[in-house]
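Geometric and topological summary
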Amino acid sequence: MRVRLLSLACAASLISTAALAADPCTAIPERGPLPPYIALGKPFRGQVSHIIDGDGLCVATGTGPNTWVEVRLADFFAPELNEGGSAAKAALERLAMNRAIVCVPQRGFNGDIRTWDRIVARCQIGNRSVGDLMRGAGVREGGRAYQPRG
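Residues numbered from 1 in each chain as written. Predicted model: local features only at pLDDT ≥ 70, side-chain atom pairs only at ≥ 80, totals over all residues. Heavy atoms only, no water.

Take the state of the cysteines next. All told, the structure shown has two disulfides when counted by the stated rule. In this model Cys25 forms its disulfide with Cys58; the gap between the sulfur atoms is 1.4 Å. Taken together, the residues Cys25 in the loop between helix H1 (2-22) and strand E1 (44-53) and Cys58 in strand E2 (residues 56-60) connect sequence positions 33 residues apart. Looking at Cys25, the relative accessible area reads 2%, which means it is buried. Its relative accessible area of 0% is what places Cys58 among the buried residues. The disulfide bridge from Cys103 ends at Cys123, spanning 2.2 Å between sulfur atoms. Every disulfide takes its handedness from the sign of the S-S torsion; for Cys103 and Cys123 that torsion is 110°, giving right-handed. Here the residue Cys103 occupies a position in strand E4 (residues 100-105), and Cys123 occupies one in strand E6 (residues 118-125), the gap between them amounting to 20 residues. Each disulfide in the protein chain links cysteines that, numbered along the sequence, combine into the pattern 1-2, 3-4. (Disulfide = S-S within 2.5 Å. Helix = DSSP H or I, 4+ residues; strand = E, 2+ residues; numbered from the N terminus. Buried < 20%, exposed > 50% of the residue type's maximum accessible area, 1.4 Å probe, protein only.)

This is the structure:
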C-alpha cells in the first residue's frame, strides 16, 4: 500500500511539474480581456518568476502562477530554443531570475501588445533594459523575427 501511494505521489508530482513547465504564466489569456493593470504604455512590475526562453520570461505581479504575466521582450530577439537559443535562455536566467523588473507594454509586429498569451514589453532591471543586459553579456540575437539594428 505504501509503495502504491508513493508511486501515485510521484506521478502526481511529475504531472504537475510538466504542466507548470509547459506554460506557468497564466495571467494573460490568449483571447478576451486583459487584466486591468496591463495596458499600452502602462508600467507593471514584479519579480521574474520563470524563464521561458531567451526572450521570454514571467513576471510575478502577485502571488501564484495565475498572476504571472508572460512577457516577450520587445528589444531582444533570441534564437529559438531548437535553433541554438539555449545559451540565450541560460543567460536570461542568470541575468533576470528572481530579480525585480519593470515592464512597459509596447505594440508588437501584429500592432497589438499581446501575441498569443504573451505581452510584448520593454523591461528594465535597475536602470538597464533587459535587451541591453543580454547584449552586454555577449548573447547573440537571431531567430526568425530578428531584424539587425541599423
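Grouped together as the largest cluster of nonpolar side chains are 28 residues, with contacts concentrated most on Leu57, Val71 and Ile101. Taken together, the elements giving at least two residues each to this core come down to E1, E2, strand E3 (68-73), helix H2 (86-96), E4, E6 and helix H3 (130-136). Look past the residues within four positions of Val71 in its chain and what remains in contact with it is Phe44, Asp55, Gly56, Leu57, Val59, Cys103, Ile119, Ala121 and Cys123. If you look at the next biggest cluster of nonpolar residues, it comprises five residues, including Cys25, Ile52, Cys58 and Ala60. (Core = buried A, V, L, I, M, F, W, Y, C linked by side-chain atoms within 4.5 Å. Contact = heavy atoms within 4.5 Å.)

Once that is clear, we can look at H2. Among the residues of H2, Ala88, Ala91, Leu92 and Ala96 are the ones counted as buried. The buried side chains of H2 occupy one side of the element, clustering within an arc of 105° when seen end-on. Facing away from the buried side of H2 by more than 90 degrees, the exposed set consists of Ala87 and Arg94. The elements touched by buried residues of H2 are E1, E2, E3, E6 and H3. Within two residues after H2, Asn98 carries a phi angle of roughly 65°, on the positive side. (Arc of directions from axis to C-beta.)

All right, on to the packing of aromatic side chains then. According to the stated counting rule, one finds one aromatic pair in the structure shown. When the centroid spacing of 5.9 Å and the interplanar angle of 35° are considered together, the rings of Phe77 and Phe109 count as tilted. Separated by 32 residues along the polypeptide, Phe77 in the loop between E3 and H2 and Phe109 in the loop between E4 and strand E5 (114-115) bring together distant segments of the chain. (Phe/Tyr/Trp six-rings, centres within 6.5 Å; stacked < 30°, edge-to-face > 60°.)

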